[in-house]
2 protein chains.
Amino acid sequence: MTATQTRDLEAILTRLKERKMRVTKKRERVIAALLTAEKPLNAEELRERGDLDLVTVYRNIEAFEKAGVLQRIPLENGAQLFELTAPDEHYHHLVCRECHQAERLDVCVGEEMRKVAEANGYSHIAHVLEVYGLCSECLEDEA
Amino acid sequence: MTATQTRDLEAILTRLKERKMRVTKKRERVIAALLTAEKPLNAEELRERGDLDLVTVYRNIEAFEKAGVLQRIPLENGAQLFELTAPDEHYHHLVCRECHQAERLDVCVGEEMRKVAEANGYSHIAHVLEVYGLCSECLEDEA
DNA sequence: TTTCCTGCAAAATGTTTGCAAGGCA
DNA sequence: TGCCTTGCAAACATTTTGCAGGAAA
């Protein structure tokens, strides 16, 4: 873990404490796994890197999501990846449909979407925007 | 089926024939179910309304998607809905996170997303944009 | 020492595959 | 007739639930 990652870890643990959630070894490992991976991971990768039960992974994903420190990335095939996020922030991604690498996109359409949704009588609004494609490496492999 | 729906059905069947796919009673029923529902359906609803095996539903979803007459709508929970689409078109939706009703949104960010993705070296680009919220009816039920 | 968290086992959910029978072209 | 499509059974992948033991505050 780099110094920055350690700081991020502390910040997230603090957030959990504020929400009256317990800070356990397992939880630290889940967060550390996501921080050091520097890319979104799926549940199985989290189990492996955190050396814990898959059930624990899923329960913590749910808990972290509620605490606003984690978000889900839906893949084209229905599976999902998970990544850390600051509370009240969220990200969109460019995901390779072959190797499933995901990188953050520097765009967000949140404001527009919120307006459209509210105009239709919806509240508690969230949105998902994911872009799928073939990354340059996978494109070469295919040729 | 309204006259318009019958015409749409014919158009889709023609498209299938062009693609050398067979036009069967089951396929007609899948498409008719989606046309008359006038909203996206999940696999189980398609099985029920078309009175056919779930396996057949999934195989036809895949076949129709390849033929460009159907698209998937990912839900927040990882499940998916299906709806008819014209080839080379696609839609975005406002989905209730409670009752899962989905309505089409009249927005698309395709051009921007394609540019961003290509700038990152990606090809074969697609994107998903779905807005989730609580519809006014479900909001009331909650209170 | 109370309450929350974890692991194990098992179940539920959604989707895919193998194979033989059936139906469109 | 020939090949595509279908249904059944079973496998598979992912996620959820029940319960007893374990650990944080």
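Further up the page is the structure itself.
The rules we used
Residues numbered from 1 in each chain as written. Chains lettered and ligands numbered in written order. Predicted model: local features only at pLDDT ≥ 70, side-chain atom pairs only at ≥ 80, totals over all residues. Heavy atoms only, no water. Axes fitted to C-alpha atoms, helices over the stretch in contact; angles between N-to-C directions. Helix = DSSP H or I, 4+ residues; strand = E, 2+ residues; numbered from the N terminus. Parallel < 35°, antiparallel > 145°, perpendicular 65-115°, else oblique. Left-handed = near helix turned anticlockwise from the far one by under 90°. Contact = heavy atoms within 4.5 Å. Nonpolar A, V, L, I, M, F, W, Y, C, P; charged D, E, K, R; others polar. Salt bridge = Lys/Arg side-chain N within 4 Å of Asp/Glu carboxyl O. Buried < 20%, exposed > 50% of the residue type's maximum accessible area, 1.4 Å probe, protein only. Near = heavy atom within 4 Å. Polar contact = N/O pair within 3.5 Å; in protein donor to acceptor, adjacent residues only side chain to side chain. Pairing = 2+ DSSP bridges. Least-squares fit on C-alpha atoms with pLDDT ≥ 70 in both.

Trainee: Go over the packing of helix α3 (residues 43-50) of chain A against helix α4 (residues 54-67) of chain A, please, and point to the residues and values.
Mentor: All names here are of chain A. Relative orientation of the contacting elements α3 and α4 amounts to 115°, with a least axis distance of 9 Å. What the angle tells us is that α3 and α4 run roughly perpendicular. As for the relative orientation of α3 and α4, their crossing is right-handed in sense. Residues Ala 43, Glu 44, Leu 46 and Arg 47 of α3 touch α4, and the partners they reach there are Leu 54, Val 57, Tyr 58 and Ile 61. Partitioned by chemical class, the residues of the contact of α3 with α4 number 6 nonpolar, no polar and 2 charged.

Trainee: Could you give me a rundown of the pattern of salt bridges, with the residues and numbers involved?
Mentor: Residues and elements named next belong to chain B. Using the criterion set out here, one finds 12 salt bridges over all chains in the structure. In this structure, Arg 47 and Glu 44 form a salt bridge, with 2.6 Å as the shortest nitrogen-oxygen distance. A residue pair is termed a helical-turn pair when its members lie 3 or 4 positions apart in one helix, as Arg 47 and Glu 44 do in helix α3 (residues 43-50) at 3 residues. Given the relative accessible area of 34%, Glu 44 is considered partly exposed.

Trainee: So, the protein's contact with DNA strand C: which residues are in play, and what are the values?
Mentor: Near DNA strand C lie 18 residues; those nearest to it are Lys26(A), Thr56(A), Arg59(A), Arg22(B) and Tyr58(B). Near-protein atoms of DNA strand C (within 4 Å) split between backbone and bases, with sugar and phosphate holding 61%. Lys26(A) places a polar side-chain atom, nitrogen or oxygen, 2.5 Å from a phosphate oxygen of DNA strand C. Between DNA strand C and Thr56(A) there is a distance of 2.2 Å, counted from a phosphate oxygen to a side-chain nitrogen or oxygen.

Trainee: Which residues make up the sheet that holds strand β3 (residues 92-96) of chain B, and what values go with them?
Mentor: Taken together, the 6 strands give an open sheet; going across it, the order is β4(A)-β3(A)-β5(A)-β5(B)-β3(B)-β4(B), and neighbouring strands pair in mixed fashion. If you trace the sheet from one side to the other, it starts and ends with β4 (102-105) of chain A together with β4 (102-105) of chain B, each paired once. Neighbour-to-neighbour, the strand axes of this sheet turn through a mean angle of 25°, independent of strand direction. As paired strands, strand β5 (residues 123-134) of chain A and strand β5 (residues 123-134) of chain B are joined by 9 bridges and run antiparallel to one another. Paired with Tyr132(A) across the strands is Ala126(B), a residue of β5(B). On the sheet, helix α5 (residues 110-119) of chain A packs against β5 of chain A together with β3, β4 and β5 of chain B and is oriented at approximately 130° with respect to β5(A). Strands in contact with helix α5 (residues 110-119) of chain B are β3 (92-96), β4 and β5 of chain A together with β5 of chain B; relative to β5(B), the strand with the most contacts, it is inclined by about 130°.

Trainee: Give me the lowdown on the relation of the copies chain B and chain A, citing residues and values where you can.
Mentor: Structural alignment of chain B on chain A gives an RMSD of 0.2 Å, achieved by rotating through 179° and translating 0.0 Å along the axis. This pairing of chains is accounted for by a two-fold axis. Minimal C-alpha distance to the rotation axis in chain B is attained by Leu129(B), lying at 2.1 Å. A shared binding surface is used by both copies, with 100% of the interface residues of chain B retained as interface residues in chain A.

Trainee: Which residues make up the protein's contact with DNA strand D, and what are the values?
Mentor: DNA strand D sits among 19 residues. The nearest are Tyr58(A), Lys26(B), Arg27(B), Thr56(B) and Arg59(B). Near the protein, within 4 Å, the atoms of DNA strand D are sugar or phosphate in 63% of cases. At 3.2 Å from a phosphate oxygen of DNA strand D is found a side-chain nitrogen or oxygen belonging to Gln80(A). A distance of 3.3 Å separates a phosphate oxygen of DNA strand D from a polar side-chain atom of Asn60(B). At the level of secondary structure, the elements contributing two or more residues to the surface near DNA strand D comprise α4 of chain A together with α2 (25-37) and α4 (54-66) of chain B. Tallied by class, the residues present in the surface near DNA strand D amount to 8 nonpolar, 4 polar and 7 charged.

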